[in-house]
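Next come the chains, spelled out residue by residue.
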Amino acid sequence: MADETKKTCDCGHDHDHDCDCGCDMEEDVIMLEDEDGKEIPFYHIATLEHEGKEYAYLQQAEDTDEPMIEIFELEEVEDDGEGYFNLIPIDDDLYEILFKKLEEQIAMADDCDDPDCECHHHRDED
């Protein structure tokens, strides 16, 4: 699983995000607050749909011994004409289902060598 959670950027290098390759990964950082009010930076890994709902996959950006992927249901909200998303925590059973879905997406991307397919990783390159 360590390889699956390794962060990559559009520069084509596999690395931690403290690189000097010229990529700008900082713009993908999302700050979340823990229960103690401490802000924790996360990278957006993916957004996938499951049973008509969208889920955001986030990985803690700080160096940790075991990088953990958090998964939240996305709820679109509009307030005074401005739209944003609420991140709703999910239960452990749904986490297992959604994490397996992410693993399947990663496996499909790793197995695919057809640039004309409709795989998620090819659509992102356009």
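These figures come from a predicted structure and were not determined experimentally.

Peer 1: Help me out: how do you make sense of the overall build of the protein chain in this one?
Peer 2: Within the protein chain, the regular secondary structure consists of 2 helices and 5 strands. Counting the 126 residues in the protein chain, one finds 28% classified as buried. Long-range pairs, those at least 24 residues apart, make up 25% of the contacts in the protein chain with a sequence separation of at least 6. With the model as given, the accessible surface of the protein chain reaches about 9,300 Å², and the carbon-plus-sulfur share is 41%.

Peer 1: I'm lost on the sheet that holds strand E5 (residues 82-89) in this one. Help?
Peer 2: With antiparallel pairing, 5 strands are arranged side by side in an open sheet as E1-E2-E3-E4-E5. Here the strands that pair on one side only, and so sit at the sheet edges, are strand E1 (29-33) and E5. Pairs of neighbouring strands in the sheet enclose a mean axial angle of 50 degrees, with direction left out of account. Where E1 lies against strand E2 (residues 39-50), 5 bridges are found, and the strand directions are antiparallel.

Peer 1: Looking at this model, I keep getting lost on the pattern of salt bridges. Mind explaining?
Peer 2: Using the criterion set out here, one finds 1 salt bridge in the structure. Close ionic contact of Lys 53 with Glu 73 constitutes a salt bridge, the shortest N to O distance being 3.9 Å. In this pair, Lys 53 sits in strand E3 (residues 53-60) while Glu 73 sits in strand E4 (residues 69-79), placing the two residues 20 residues apart along the sequence.

Peer 1: How should the nonpolar core be read in this particular structure?
Peer 2: Note on soluble globular proteins: their nonpolar side chains tend to be buried together. Grouped together as the largest cluster of nonpolar side chains are 11 residues: Ala 46, Leu 48, Tyr 55, Tyr 57, Ile 69, Ile 71, Ile 90, Tyr 95, Leu 98, Phe 99 and Leu 102. Looking at this core, the elements that each hand over two or more residues are E2, E3, E4 and helix H1 (92-111). The dominant element in this core, judged by the number of residues it contributes, is H1, at 4 residues. Discounting chain neighbours no more than four positions away, the residues touching Leu 102 are Ala 46, Leu 48, Tyr 57 and Ile 69.

Peer 1: Would you mind going over the side chain of Glu 73 with me for this structure?
Peer 2: Overall, the relative accessible area of 18% leaves Glu 73 in the buried class. With residues up to four places along the chain from it excluded, the contact list for Glu 73 reads Lys 53, Glu 54, Tyr 55, Asn 86, Leu 87, Ile 88 and Ile 90.

Each value, and the rule that gives it
Residues numbered from 1 in each chain as written. Predicted model: local features only at pLDDT ≥ 70, side-chain atom pairs only at ≥ 80, totals over all residues. Heavy atoms only, no water. Helix = DSSP H or I, 4+ residues; strand = E, 2+ residues; numbered from the N terminus. Buried < 20%, exposed > 50% of the residue type's maximum accessible area, 1.4 Å probe, protein only. Contact = heavy atoms within 4.5 Å. Areas by Shrake-Rupley, 256 points an atom, 1.4 Å probe, with all protein chains shown as cover. Pairing = 2+ DSSP bridges. Axes fitted to C-alpha atoms, helices over the stretch in contact; angles between N-to-C directions. Salt bridge = Lys/Arg side-chain N within 4 Å of Asp/Glu carboxyl O. Core = buried A, V, L, I, M, F, W, Y, C linked by side-chain atoms within 4.5 Å.

In short, geometric facts, not functional conclusions.
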